[in-house]
Amino acid sequence: MDNIAIARLLDETAALLEIDAADPFRIRSYRRAAEAVEQQTTSLASLVAEDPKQLLAITGIGKGMAANIASIVESGTLPLRTELLQKYKPSMLELLRLPGMGPKSVALLWSALGVADLDSLEVAAREGKLASLPRMGEKFAAKLLKGIEDYRKNSSRFRIDRAGEQAERIAALIREFPGIEEVTPAGSLRRGRETVGDLDLLVTGPACEHDRVAAAVEFVASLPLIDKLLARGQNKVSFTLRNNLQVDVRLLPRASYGAALQYFTGSKHHNVSLRQRAIKRGLTLSEYALLRLEDNAIVAAASEEEIYRALDLDYIPPELRENCGEIEAAAAKSLPQLITRADIRGDLHMHTDATDGRDTIRQMAEAALQRGLSYIAITDHSKNLAMTNGLDDARALEHVRRIREVDSELRRDYGGRIRILPGIEVDILADGAIDLEDSTLAQMDIVIASVHSAFAQPLEEMTARVLRALENPHVRILGHPTGRKVLSREPYAIDMERVLRRASELGVAVEHNASPARADLSDIHLRRARELGCGIVVNTDAHSTEELDLMRFGITQLRRAWLSAADVLNTLPSADALLDRLRPKPR
Ligand code: DGT
Ligand code: CA
Ligand code: CA
Ligand code: ZN
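1. Observations concerning the site of ligand 1
In the vicinity of ligand 1 there are 15 residues, among which R157, S188, R191, G197 and D198 approach most closely. At a separation of 2.9 Å, an oxygen atom of ligand 1 approaches a polar side-chain atom of R157. In this structure, D198 approaches ligand 1 through a side-chain N or O atom, which is 2.8 Å from an oxygen atom. Contact with the protein chains covers 69% of the free accessible surface of ligand 1, which is 590 Å². For the shell around ligand 1, the secondary-structure elements that each account for two or more residues are α11 (187-191), β4 (198-204), α13 (257-265) and α14 (268-280). Looking at the shell around ligand 1 residue by residue, the class counts come to three nonpolar, six polar and six charged.

Okay, here's the thing in structure tokens:
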């Protein structure tokens, strides 16, 4: 039995435990073990045969898990899994991905209707069979059918953060081969798209030179994390991972690495335009080199910089390569100086343990300071979001007092290197009213207004609702302007053009949510927001200190929107400078 099969059994057991509503720590220990097993370069079956104690040397594998693995190797299965499979089926795990579906509903569907997979759930929902079950009325069935449709449409793409994690994992394994020096993700991942269809990894180093490449190809083709090997060529290996993500690996000599990187980064349309530009100059561009047509002499091949230069273009950052005017701008030397992570000085949207965050005000501020920020706003939820323990007016005011207190403690402890602004993320109610009193909002430096409910309103109603919220003079930032969740919830219907225009007139800033699960506004909306003169902020919406690191995903989307530091308000050096540029507070 190979490592991947062992990992699959462990992962399946984790999913079955999830449906069984088992202890989350137990579920996680199986998931972590599956990942650890997949990472191993030596065969666990042979380790077990030699001496099962060796398993304990693997991080993420303790005594109990080592015994489980030994049992898998010896018997081909695991007693716990066999036991769970008497109650449930592995296909149920897909059902957990649908909106509104938790382990309890999945278990209920099975016990009451014998439904265990996507197809039979769809049939049951269409035939009205769910209506007989508690909390699963007609409305639920309609939502579910929509969820199934979206899931089918989206299940072939992967969120950029997840694809990026896989790319790093694979790159680390490939780099272990002697003579491989670089592994670079290309394709949509390098361009920073929100989602990725497949991974394209380019590999170079002495081991990739023509006469030596066979051994390196062999190494890649036998990586232990490969689920299905799809193709193996002279310098190319394609395979899928256990989660169905496809990976295309190409191994190239150093001398043509730049041309390959350029070619496989795409986008396809960018490359088509670039090749046309080459032809007009008597050149031809391929994945191997930029050549002179008349004598096939190599003009450039080793680096992307040389290739763009030889085409009389400034270097075009990957995020801009979508054939949206970047070639013209590069020719005119008018590409923007794109924003970078280092330009960000503050983060204006985060939650604490007062509502649904994990950490305290002080922990969030210290984590922000460690990440080089000079100011943050604490913006917990308001009362309409009851499930987050949202703040009512009294608690919100108490929270402001607490935030100010911690701010002065930190000024003392860190000599003013970090400021904490009192803020709140209020709900825009279905009619456009804000769910807290104006007198409460008046105490806050940062008021973010977000739609968190009644997402199904038709376009006119939703637009009017958000426009009304913008008129509240205390609102300084519009949060979640589309309400979508990447690959899992469609945006609500809204006339974004009208919203952005009004926000611009009123001086309300619009927020890009850096979380890769949210990423609203999208790159296209952001570009429009800048054209219309809207203030733009990029915030993490962190619910724990680690989530402050999501900022880098936000920066990628801002770069795709052609934004510079000057276009983004939270690049301003101090809290005071920032507050000066937001909508003035009513007197
Ligand atoms: P994805 O994977 O759907 O998220 O998007 P990409 O852009 O990564 O597309 P992919 O993986 O099919 O190809 C990666 C890059 O390689 C693509 O951006 C351009 C280049 N490329 C691959 N195959 C072709 C092709 O048949 N024709 C052209 N012109 N370019 C190609
Ligand atoms: Ca790709
Ligand atoms: Ca590909
Ligand atoms: Zn939030």
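2. Quick notes on the coordination of the zinc ion (ligand 4)
Binding of the zinc ion (ligand 4) to the protein goes through H349 (NE2), H351 (NE2), E425 (OE) and D541 (OD), at separations of 2.1 to 2.3 Å. Angles of 81 to 169° at the metal separate the four donor atoms of the zinc ion (ligand 4), which places the site in the irregular class. Taken in sequence order, the residues that donate to the zinc ion (ligand 4) follow the motif H-x1-H-x73-E-x115-D. With H349 in the loop between β11 (346-347) and α17 (361-370) and E425 in strand β13 (residues 419-427), the pair connects residues that are 76 residues apart, well separated along the chain. On the basis of relative accessible area, H349 is assigned to the buried category, the value being 0%.

3. Quick look at the coordination of the calcium ion (ligand 3)
Summarising the metal site, the calcium ion (ligand 3) is bound by the protein donors D198 (OD), D198 (OD), D200 (OD) and D248 (OD), whose distances to it range over 2.3 to 2.7 Å. In primary-sequence terms, the residues that donate to the calcium ion (ligand 3) follow D-x1-D-x47-D. In this structure, the calcium ion (ligand 3) lies 3.7 Å from the calcium ion (ligand 2), and both are coordinated by D198. Separated by 50 residues along the polypeptide, D198 in strand β4 and D248 in strand β7 (residues 246-252) bring together distant segments of the chain.

4. Quick word on the sheet that holds strand β10 (residues 298-300)
Spatial strand order, β8-β9-β10: three strands in an open sheet with antiparallel pairing. Edge positions in the open sheet fall to β8 (283-285) and β10, since each of these has one partner strand only. Neighbour to neighbour, the strand axes of the sheet diverge by 35° on average, direction disregarded. Relative to strand β9 (residues 290-292), β8 runs antiparallel, the two being bridged by three bridges. Looking at β9, one finds that T284 is bridged to L291. Each of β8 and β9 is contacted by α14, which is oriented at about 160° to β8, the strand it contacts most.

5. Thoughts on the packing of aromatic side chains
In the structure shown here, the tally under the stated rule is four aromatic pairs. Aromatic pair Y263 and F264: ring centres 4.7 Å apart, planes at 80°, arrangement edge-to-face. Judged by relative accessible area, which is 13%, F264 ranks as buried. Centroid distance Y308 to Y315: 5.9 Å. Interplanar angle 85°. Geometry classified as edge-to-face. Among the residues examined, Y308 registers a relative accessible area of 0% and is labelled buried. Take Y315: its relative accessible area is 31%, and that puts it in the partly exposed class. Above the ring of F25, the side-chain terminus of R28 is found at 5.2 Å from the ring centroid. When the ring centre of F455 is taken as origin, the NZ or CZ atom of R489, which lies over that ring, is 4.3 Å away.

Rules used throughout
Residues numbered from 1 in each chain as written. Chains lettered and ligands numbered in written order. Predicted model: local features only at pLDDT ≥ 70, side-chain atom pairs only at ≥ 80, totals over all residues. Heavy atoms only, no water. Near = heavy atom within 4 Å. Polar contact = N/O pair within 3.5 Å; in protein donor to acceptor, adjacent residues only side chain to side chain. Areas by Shrake-Rupley, 256 points an atom, 1.4 Å probe, with all protein chains shown as cover. Helix = DSSP H or I, 4+ residues; strand = E, 2+ residues; numbered from the N terminus. Nonpolar A, V, L, I, M, F, W, Y, C, P; charged D, E, K, R; others polar. Donors = N, O, S within 2.8 Å, 3.2 Å for Na, K, Ca; no water. Tetrahedral: all angles 85-135°; square planar, octahedral: opposite > 155°, others 65-115°. Buried < 20%, exposed > 50% of the residue type's maximum accessible area, 1.4 Å probe, protein only. Pairing = 2+ DSSP bridges. Axes fitted to C-alpha atoms, helices over the stretch in contact; angles between N-to-C directions. Contact = heavy atoms within 4.5 Å. Phe/Tyr/Trp six-rings, centres within 6.5 Å; stacked < 30°, edge-to-face > 60°. Lys NZ or Arg CZ within 6 Å of the ring centre and 35° of its normal.

None of the figures reported here should be taken as evidence of function without further support.
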